[in-house]
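Spelled out, the chains give:
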Amino acid sequence: MIIPSTLQKAIDELSKLPSIGRKSAQRLALHILKSELLEVQNLSKSILELKENTQICKNCFNISENEICDICKSEKRDKSIICVVEEISDVIAIEKTNEFNGLYHVLGGVLSPLSGKDADSLNLKELIARVKLENSTEVILALNPDTEGETTSLYIGRLLKTFNVKVSRLARGLPIGGDLEFADDATIGRAMLSRIQL
Amino acid sequence: MIINKIDLKNFRLHKETKINFSKHLNYIVGGNGQGKTSLLESIYYLCTSKNLTQSKDLEVVSFSELYFNVVGNFSDLVNNNVRIFFNKEENKKSIFIDEKNIGRASTLIGNFPVVTLIPSNHLITQGAPSDRRKYFDSVISQASSTYLKILLDYNRTLKQRSSLLNQIKESKSKKLFDELNVWTESLVNQGSEIIEHRIKFLKIFQDYFQNSYKKIMDVLEIPTIEYSFLNNSVESNIKKAFVDELKKCESLEIVRGSNLVGPHKDDFIFNLNENELKKYGSQGQHKTFLIALRFGEFFYLKNIIGRTPIFLMDDIFGELDAFRANKISEYLKEIGQAFITLTDLSNFDYLANGNEDLIINIKNGQIINA
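Residues numbered from 1 in each chain as written. Chains lettered and ligands numbered in written order. Predicted model: local features only at pLDDT ≥ 70, side-chain atom pairs only at ≥ 80, totals over all residues. Heavy atoms only, no water.

A. Spotlight on the side chain of B:His14. All names here are of chain B. Within the secondary structure, His14 sits in strand β2 (residues 14-20). A polar side-chain atom of His14 sits 3.5 Å from the main-chain carbonyl oxygen of Gly365. Discounting residues that sit within four places of it in the chain, His14 has contacts with Leu8, Lys9, Gly35, Ser38, Leu39, Ser62, Ile362 and Gly365. (Helix = DSSP H or I, 4+ residues; strand = E, 2+ residues; numbered from the N terminus. Polar contact = N/O pair within 3.5 Å; in protein donor to acceptor, adjacent residues only side chain to side chain. Contact = heavy atoms within 4.5 Å.)

B. View of the confidence of the model for chain B. Residues with a pLDDT of 70 or more make up 99% of chain B, whose mean pLDDT is 90. For this predicted complex, the interface score ipTM comes out at 0.74, alongside a pTM of 0.81. (pLDDT = per-residue confidence, 0-100.)

C. The sheet that holds strand β11 (residues 275-276) of chain B, seen in detail. Residues and elements named next belong to chain B. Here we have three strands laid out as an open sheet, ordered β9-β10-β11, and antiparallel in their pairing. In this open sheet, the two edge strands, each paired with only one partner strand, are β9 (223-228) and β11. Bridge count between strand β10 (residues 267-272) and β11: two bridges; the pairing is antiparallel. The residue of β11 that forms the bridge with Asn271 is Glu276. Sheet strands in contact with helix α9 (residues 283-305) are β9 and β10, and its direction is about 120° off that of β10. (Pairing = 2+ DSSP bridges. Axes fitted to C-alpha atoms, helices over the stretch in contact; angles between N-to-C directions.)

D. Just the packing of aromatic side chains, in detail. Residue and element names in this part refer to chain B. Using the criterion set out here, one finds 28 aromatic pairs over all chains in the structure. When the centroid spacing of 4.9 Å and the interplanar angle of 20° are considered together, the rings of Tyr227 and Phe268 count as stacked. Of this pair, Tyr227 sits in strand β9 while Phe268 is found in strand β10, placing the two residues 41 residues apart along the sequence. Note on Tyr227: relative accessible area 11%, which makes it buried. Here Phe268 falls in the buried class, since its relative accessible area comes to 1%. (Phe/Tyr/Trp six-rings, centres within 6.5 Å; stacked < 30°, edge-to-face > 60°. Buried < 20%, exposed > 50% of the residue type's maximum accessible area, 1.4 Å probe, protein only.)

E. View of the domain arrangement of chain B. Residue and element names in this part refer to chain B. Splitting chain B by domain gives domain 1 (1-113 + 308-370) and domain 2 (127-306). The C-alpha centroid of domain 2 is placed 31 Å from the C-alpha centroid of domain 1. Looking only at domain 1, the three residues that lose the most surface to domain 2 are Pro309, Arg324 and Tyr331, adding up to 33% of its buried area. Linking domain 1 with domain 2 are zero salt bridges, by the criterion used here. Listing elements by their share of the side of domain 1 that touches domain 2, those giving two or more residues are β12 (310-313) and α10 (322-335). In terms of residue count, α10 provides more of the side of domain 1 that touches domain 2 than any other element does, eight residues in total. When its residues are assigned to classes, the side of domain 1 that touches domain 2 shows 11 nonpolar, three polar and four charged. (Domains from an automatic or database assignment. Buried area = accessible area lost by both parts, 1.4 Å probe. Salt bridge = Lys/Arg side-chain N within 4 Å of Asp/Glu carboxyl O. Nonpolar A, V, L, I, M, F, W, Y, C, P; charged D, E, K, R; others polar.)

F. Structural context of the sheet that holds strand β5 (residues 79-87) of chain B. Residue and element names in this part refer to chain B. Spatially, the six strands line up as an open sheet ordered β2-β1-β4-β5-β6-β7, and their pairing is antiparallel. Edge strands, defined here as strands with exactly one partner in the open sheet, are β2 and β7 (100-101). Two strands pair when backbone bridges link them, and strand β6 (residues 92-97) and β7 are joined in this way by two bridges, in the antiparallel orientation. Each bridged residue has a counterpart across the sheet, and for Phe96 the counterpart in β7 is Asn101. Running over the sheet, helix α1 (residues 36-48) touches β1 (2-11), β2, β4 (67-75), β5 and β6 and is turned about 110° from β1.

G. Quick look at the interface of chain B and chain A. With 24 residues of chain B at the interface, the matching set in chain A holds 19 residues. Buried surface at the junction of chain B and chain A, summed over both partners, amounts to about 1900 Å²; 54% is from carbon and sulfur atoms. Contact with chain A buries area across many residues of chain B, yet B:Glu179, B:Val182 and B:Trp183 alone supply 27% of it, more than any other trio. For the interface between chain B and chain A, the tally reads three salt bridges. A:Asp120 is the salt-bridge partner of B:Lys175, the closest N and O atoms lying 3.4 Å from each other. Applying the counting rule to chain B against chain A returns 11 residue pairs in polar contact (both at pLDDT 80 or more). Contributions of two or more residues to the side of chain B that touches chain A are made by α5 (145-171) and α6 (174-217) of chain B. The class makeup of the residues in the side of chain B that touches chain A is five nonpolar, 10 polar and nine charged.

H. Looking closely at the domain arrangement of chain A. Considered domain by domain, chain A is made up of domain 1 (5-53) and domain 2 (75-169). For domain 1 of chain A and domain 2 of chain A, the distance between their C-alpha centroids amounts to 35 Å.

I. Broad picture of the side chain of B:Asn26. Residues and elements named next belong to chain B. Mapped onto the secondary structure, Asn26 falls in strand β3 (residues 25-29). Its relative accessible area of 0% is what places Asn26 among the buried residues. Among the polar contacts listed, one links the side chain of Asn26 to the backbone oxygen of His24, at a separation of 3.5 Å. Once residues within four sequence positions are removed from consideration, Asn26 is found in contact with Phe21, Gln337, Ala338, Phe339, Ile340, Leu358 and Ile360.

J. A look at the pairing of strand β15 (residues 366-369) of chain B. Sheet analysis places strand β14 (residues 358-363) of chain B next to β15(B), joined by three bridges and oriented antiparallel. Bridge pairing links B:Lys363 to B:Gln366 in β15(B).

K. Spatial organisation of the packing of helix α4 (residues 129-143) of chain B against α5(B). Residues and elements named next belong to chain B. Close contact between α4 and α5 brings their axes to 5 Å; oriented N to C, the two are set at 130°. With respect to their mutual orientation, α4 and α5 come out oblique. Seen from α4, the contacting residues are Asp137, Ile140, Ser141 and Ala143; seen from α5, they are Ser145, Tyr147, Leu148 and Leu151. Its residues assigned to classes, the contact of α4 with α5 comprises five nonpolar, two polar and one charged. (Parallel < 35°, antiparallel > 145°, perpendicular 65-115°, else oblique.)

L. Broad picture of the packing of α4(B) against α6(B). Residues and elements named next belong to chain B. Between α4 and α6, the shortest axis-to-axis distance is 11 Å and the interhelical angle comes to 80°. On the basis of the axis angle, α4 is roughly perpendicular to α6. Taking contact as the criterion, the partners of Arg133, Tyr135, Phe136, Asp137, Val139 and Ile140 in α4 are, on α6, Arg198, Phe201 and Phe205. Classifying every residue of the contact of α4 with α6 by side-chain character gives six nonpolar, no polar and three charged.

M. Just the pattern of salt bridges, in detail. Within this structure, the stated rule accounts for 27 salt bridges over all chains. Measuring nitrogen to oxygen at the nearest pair gives 2.7 Å for the salt bridge that ties A:Arg158 to B:Glu185. Highlighted residues: A:Arg158 in helix α7 (residues 147-159) and B:Glu185 in helix α6, drawn from two different chains. Linked by salt bridges that have partners in common, A:Glu150, A:Arg169 and A:Arg172 make up one network.

Here it is, written out as structure tokens:
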């Protein structure tokens, strides 16, 4: 098999991306090859800028263009509520809902002894400092509902016990707009257990 | 649920085998290594997409062939064609229902319930506690996917916690103890749910099991299953008992670097007239107990899932006396469709064999008459 090495290199780089396999990488590379030069320049520029012009917010560890991110800076946000999430992608997911008007705190992972993640490797000290400094009234734990997420929630709950702050966790239950009959059994079972009174 | 016919291609010795089954008893008769168990194995594949004896899919493909293909026609309320296709080169298994590729195997499970009785099952009564937990976990999981979910979470917590215990063994840092406390809390939460599920299950299952035992034994022996959890705890508050037991083992857990308390250490005790089967039971009693467990499972699943399972029995009449074997075959007849392998039918003239039952003679992967 003979493929120009420039093309091969592009395919190899693209296939390093998450959820891109060899075939998709090849399709993307060939697509880029066929595109207008300006298009390609824009693409590569935007990728570079993503890395060069962004940093991690010093306050909440979200992605930001400045030292402090737009959410932390905003006058319109309720600064007394902090929503704790695992990764930056979770901030995006919650922001999309427009249902939350407080601030975030990105932990950068969850407790997982198996993968060497301990409490010190998470942005926990910073969270405690913020709760003190910002006089928070509520901390919402929005971690994934798996074993590691649940355990980390328990851990944070214990850390915050000494502060006069309400700690809550996201509810588990049925997806909105879905038919009950199509939800998987475990989800329905969970929703049944954590039902709420009307 | 009934399987009407099956069509095998390149499945172990079966290069090309087509059989129409009876709705009642199907005796599969042949010498050793002629392809009897493979027939049961193929039915099991159709019901679960998994291997009956934990062989690899690769090993099931006939020598020098590249794939196997199994098609079965099931009827319950409606007719379904199930097809399992395995490609050796890609090491890939595809599952089709009515020629629609269904992707995940979990769609199959529960829809085509099957109960098996195979020689390696003797471990359930004679083996270690882990063999019994594995058996009951699989029965409960078939009926409750919530249970399966908690079980998977719990196993994950066990792994995380033992990794942390090992880290503490190395470093003894105070910080890690704080982390251990929350992993312990998760362990107790999930573990207690498992224990409660098992207690609830056993309350229901006990009746099914005892009824089956009565049917095949006809004597006054009373068998019971007892669930022993958290080192024989009798505490009604499970979470509290769990925490208490953990406290007792606190330092030992760190020394050993492993989880010493929880439902992963529990056992199910089998008794006959209040004597422990494992200590006092004869071979025959073990066998009868096991068969009653499987029949109990059959009726339990039938009621909970609402479909009648197919019964697969491999080589079990050899070790039973004529009276019991006859009872079992009569019992099987009552309940629906069953597949039974035998080496030589002439030795088993006491087995139930009605007009609608079928005898399948098999030699070197070929059906001689059916």
